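Examination of the molecular architecture
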Amino acid sequence: MHRPPTDAETNNPDIQEVIQEKLLDAEIPGFQAEFDPLEAERLGAFVEDALSEQDTLDSTIDHAAEVDDERG
């Protein structure tokens with residue numbers, strides 16, 4: 001899991017305790033635990049793993065080539 005570098009704000013023991021309590025609450029069926037942006041980032045919720053623009057274009061070109069092959 002991705003974890004951002006710690007600094008004085010994110011390494012605060014109070015924040016760690018709050019996050020731990022929210023994670024325990026989130027295990028309760030039906031309970032919707034809310035995390036603020038700092039807490040979510042600390043938990044690694046915002047990992048960028050989307051396809052690059054080039055990967056997307058390459059997959060479109062492959063698909064177009066397959067359609068052309070099927071049409072003869």
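Residues numbered from 1 in each chain as written. Predicted model: local features only at pLDDT ≥ 70, side-chain atom pairs only at ≥ 80, totals over all residues. Heavy atoms only, no water.

- An unreviewed UniProt entry annotates the protein as Conjugal transfer protein TraD of Nitrosomonas ureae.

1. Quick look at the overall build of the protein
- Within the protein one finds three helices and zero strands.
- Its helices and strands taken in sequence order, the protein reads α-α-α from the N to the C terminus.
- Burial status across the protein gives 12% buried among its 72 residues.
- In the protein, of all internal contacts separated by at least 6 residues, the share reaching a separation of at least 24 is 42%.
- In the form shown here, the protein has an accessible surface area of approximately 6,100 Å², with 51% of it arising from carbon and sulfur atoms. (Helix = DSSP H or I, 4+ residues; strand = E, 2+ residues; numbered from the N terminus. Buried < 20%, exposed > 50% of the residue type's maximum accessible area, 1.4 Å probe, protein only. Contact = heavy atoms within 4.5 Å. Areas by Shrake-Rupley, 256 points an atom, 1.4 Å probe, with all protein chains shown as cover.)

2. Here we look at the pattern of salt bridges
- For the structure on display, the rule yields one salt bridge.
- Two residues, K22 and E39, come together in a salt bridge whose shortest N-O distance is 2.7 Å. Here K22, found in helix α1 (residues 13–26), pairs with E39, found in helix α2 (residues 37–42); they are 17 residues apart in sequence, far enough to count as distant.
- Relative accessible area serves as the criterion here: at 6%, E39 is assigned to the buried category. (Salt bridge = Lys/Arg side-chain N within 4 Å of Asp/Glu carboxyl O.)

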